[in-house]
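Next come the chains, spelled out residue by residue.
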Amino acid sequence: MDALPVPPEAARRVRAAMTETPRATFLPAVVRHLADVDRPVGIGWDATNSQPSTVARMLELLDVHEGQRVLDVGAGSGWTTAILERLGADVLGVELVPQLVDVANENLAAHGSRARVRQAAPHILGLPDDSPFDRILVSADLGRMPDALAAQLAEGGRMVAPVAGRMTVVDVRDGVPRVREDGGRYAFVPLRE
């Protein structure tokens, strides 16, 4: 399977935003020395901070534009939430683990970010009461197509999510989700509902 095309401008903007949002700031002190290593790093509570090359690819595929409403599902330490804000998004993170919600918000505040991460409601994917969103980023493997999240996309919206090890892009056109897969296999922790 071939890689999906990405606008060169999207790739440039993502690189710049990631450079301006140091990963180390969002890692626990005991693993900060791994910030420059291109691999997932454990952040506690069975969660990881995804490897930078994977985060970059997801954000390139997401193709966020200034002022778009973005939902960051499985926000973890808040790193992707901060990068999305740096890309100009009006971003809202959501995380199921209460301790990670606190950690993410502390990290975001220390980074000078205005974005915040909310506590996810058990058994509810995303934030349906706050939808629709222009973009949705999911940083944990859903194992199946997340129809409940796709329903939270605005017309013309896009979601990027790992589904059963495949990076999946969902675009909504005329109210109908169009699903495509990016090339390659990805390993993520499973999304907990």
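Structure's up top.
Only a predicted model underlies this, so the values are computations on that prediction, with no experimental measurement involved. Starting afresh in each chain, residues are numbered from 1 along the sequence in its written order. Since the coordinates come from a predicted model, pLDDT governs what is reported: local features require at least 70, and pairs of side-chain atoms require 80 or more to be given and counted, while whole-chain, interface and lining totals use all residues. Hydrogens and water molecules were not included; the side-chain quantities draw on all heavy atoms of the structure.

1. Observations regarding the sheet that holds strand β9 (residues 176–181)
Taken together, the seven strands give an open sheet; going across it, the order is β5-β4-β3-β6-β7-β8-β9, and neighbouring strands pair in mixed fashion. In this open sheet, the two strands that pair with only one neighbour each are β5 (116–119) and β9. Across the sheet, the mean angle separating the axes of adjacent strands is 20° when strand polarity is ignored. Residues count as neighbours in contact if any of their non-hydrogen atoms are within 4.5 Å of one another. Here, axes are lines fitted to C-alpha atoms. For helices the fit covers the stretch in contact, and angles between N-to-C directions go from 0 to 180 degrees. A run of DSSP states H or I qualifies as a helix once it reaches four residues; a run of E qualifies as a strand once it reaches two. Both are numbered from the N-terminal end. Its contacts with the sheet put helix α4 (residues 98–111) on β4 (90–95) and β5, and the angle it makes with β5 is roughly 170°. Two strands are counted as paired when DSSP detects at least two bridges linking them.

2. Describing the pattern of salt bridges
Oppositely charged side chains can pair when the atoms bearing their charge come close. Take a side-chain nitrogen of Lys or Arg and a carboxyl oxygen of Asp or Glu: if they are within 4 Å of each other, that pair is a salt bridge. This model, assessed by the stated rule, comprises seven salt bridges. In this structure, the salt-bridge partner of Glu60 is Arg57, at a minimum N-O distance of 3.7 Å. Residue Glu60 and its partner Arg57 are located together in helix α2 (residues 52–62), separated by three residues, close to a single helical turn. Linking Asp171 and Arg180 is a salt bridge whose minimum nitrogen-to-oxygen distance equals 2.7 Å. Taken individually, Asp171 and Arg180 each receive the classification buried, so the pair is uniform in this respect. One salt-bridge network, in which partners are shared between bridges, spans Arg57, Glu60 and Asp182. Only protein chains enter the accessibility calculation, which uses a 1.4 Å probe; a residue whose area is less than 20% of its type maximum is buried, one above 50% is exposed, and one in between is partly exposed.

3. A few points about α4
Relative to the 20 Å expected for 14 residues at 1.5 Å per residue, α4 spans 20 Å between its end C-alpha atoms, a close match to the ideal helical length. Every buried residue of α4 is accounted for by Leu100, Val101, Ala104, Asn105, Asn107 and Leu108. Projected down its long axis, α4 carries its buried residues within an arc of 160°, all on one side. Structural note: α4 exposes Glu106 and Ala110 on the side pointing more than 90 degrees away from its buried face. Where α4 ends, the next residue or the one after it, Gly112, has phi of about 85°, a positive value. By this rule, a helix spans an expected 1.5 Å times one less than how many residues it contains. Note: the arc covers the axis-to-C-beta directions of the helix.

4. Points about the side chain of Gln68
Relative to the elements of secondary structure, Gln68 occurs in the loop between α2 and β3 (69–73). Relative accessible area serves as the criterion here: at 14%, Gln68 is assigned to the buried category. Here the side chain of Gln68 touches His65 through a polar contact of 2.8 Å, landing on its backbone nitrogen. When residues no more than four places from it in sequence are discounted, the contact partners of Gln68 are Asp63, Gly88, Ala89, Asp90, Asp134 and Arg135. Identification of polar contacts relies on pairs of N or O atoms within 3.5 Å, with a donor-acceptor requirement for protein atoms, meaning one able to donate a hydrogen and the other able to accept it, and with residues adjacent in sequence counted only if both atoms are side-chain atoms.

5. Comments concerning the pairing of β5
Summarising the sheet, β4 and β5 pair through four bridges and their orientation is parallel. Residue pairing for β5: Leu92 is matched across the bridge by Arg116. With strands facing away from the observer, any crossover in which the path from the first strand over the helix to the second runs clockwise is taken as right-handed. Read as a crossover between parallel neighbours, the route from β4 over α4 to β5 is right-handed.

6. As for the environment of Ala75
Tracing the chain through its elements places Ala75 in the loop between β3 and α3 (79–86). Exposure remark for Ala75: the relative accessible area of 5% places this residue in the buried category. Between the alpha carbons of Ala75 and His111 there is a distance of 15 Å; along the sequence they are 36 residues apart. Ignoring sequence-local partners within four residues, the contact set of Ala75 consists of Thr80, Thr81, Gly93, Val94, Glu95 and Val117.

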